[in-house]
Amino acid sequence: MTYCVGVLVEDGLVMIADTRTNAGLDNISTYRKLHMFNVPGERVMMLASAGNLSMTQSVLSMLREGVDDVEGETPPKLSDAATMFKAAQLVGRAIRRVREIEQAGFEAANLRMEVSFLFGGQIGDEPMRLFMIYSAGNFIECSREAPFLQIGEHKYGKPILDRAVTYETDLYDALKVGLVSMDSTMRSNLGVGLPIDIAVQRRGHLDLEVNHRIEAGESYFHDLRERWSAALRAAHRAIPRPPYGPQR
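Described in the following lines is the structure provided in the data block.

Cut-offs applied
Residues numbered from 1 in each chain as written. Predicted model: local features only at pLDDT ≥ 70, side-chain atom pairs only at ≥ 80, totals over all residues. Heavy atoms only, no water. Pairing = 2+ DSSP bridges. Helix = DSSP H or I, 4+ residues; strand = E, 2+ residues; numbered from the N terminus. Axes fitted to C-alpha atoms, helices over the stretch in contact; angles between N-to-C directions. Buried < 20%, exposed > 50% of the residue type's maximum accessible area, 1.4 Å probe, protein only.

Quick notes on the sheet that holds strand S5 (residues 34–36)
In spatial order, the strands read S5-S6-S7-S8-S9; together these five strands make up an open sheet with antiparallel pairing. The open sheet is flanked by S5 and strand S9 (139–141), the only strands paired with a single partner. Strand-to-strand, the axes of this sheet are offset by a mean angle of 20°, without reference to chain direction. Sheet topology places strand S7 (residues 115–123) next to strand S8 (residues 129–133); five bridges connect them, and they run antiparallel. Along S8, the bridge assignment pairs Phe-117 with Ile-133.

As C-alpha cells, this is what we get:
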C-alpha cells in the first residue's frame, strides 16, 4: 500500500510519501516513491507514485529516457518540458505508452494496471503547480480552494488535512499537518510505513529547501506522534459528555 500527499500553499509546496511496498508478518519491503527531476536554478519537479510497482518504474524510466509514443518524433524527456502543464501531459503520455506495451502481459497474468501520481513543482518564472495524474493519463490540478492532493491510502489522513490546511497555511505548518496525516494513516493501515520521504520547495525558488528521509526512531517524528496522540486524548476529555442516556 502507499500514502502520498502534496500540499500547495501560498508560500510553496510540500510533498510527502511513505516507502512501504509490501506488508505482512514476514514480508515487508521498501521502495522510494518520491522522485526528483530537478535542474537547480532552472526547474524543480517532484513526482510521487502509487500503484503497481513495475508500472511506476517503467513510467519513471520512460520519463527519464524519453516517451517514444509518436513515430518519427524525438522521444521527449520530462526534464525538457517547457511548462508544468506540458510536463503533466507528458507524464500522462508515459502512462498510456506503458499500458500499451504491457497490457497483453498484464491481462494474461490477471493483474491490474493501476497507477497514479502526484506531480508538482515549478519551471522558470511560471507559477508553481500541483497535479494528480490518474491511471488513464488524465489529470486534475490543485487549487486555492482545495490546496492538497492525495494518492494511495488517503482516507485516514484526509480529515486532518480538511480541518487544518488552507492556502494561507504557513509552509512548515503544512509540512507538520502533512506528517500528522501520515502518522494517522500509518496507525490505521500496516501497508503504509517508515521511512518517509519529504520535500519542501519555496515558491519562486528553483531548488529544494528540504529533501529528507525520516527513518524509524527519528526524534522529531516520534515526538510529533506522541504529542498528537496526547492532544487527541486531551481534546476528547475536554468535550462534554453527550446528553443521551442516563445522566450521572
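Things to note about the pairing of strand S11 (residues 196–202)
Of all seven residues in S11, six are buried; the element is thus mostly enclosed. Here seven bridges tie strand S2 (residues 12–18) to S11, and the two strands are oriented antiparallel to one another. Looking at the pairing, Ala-17 lines up with Asp-197 of S11. The sheet contact formed by S11 and strand S12 (residues 210–214) spans five bridges and is antiparallel. Note that in S12 the partner of Ile-198 across the bridge is His-212.

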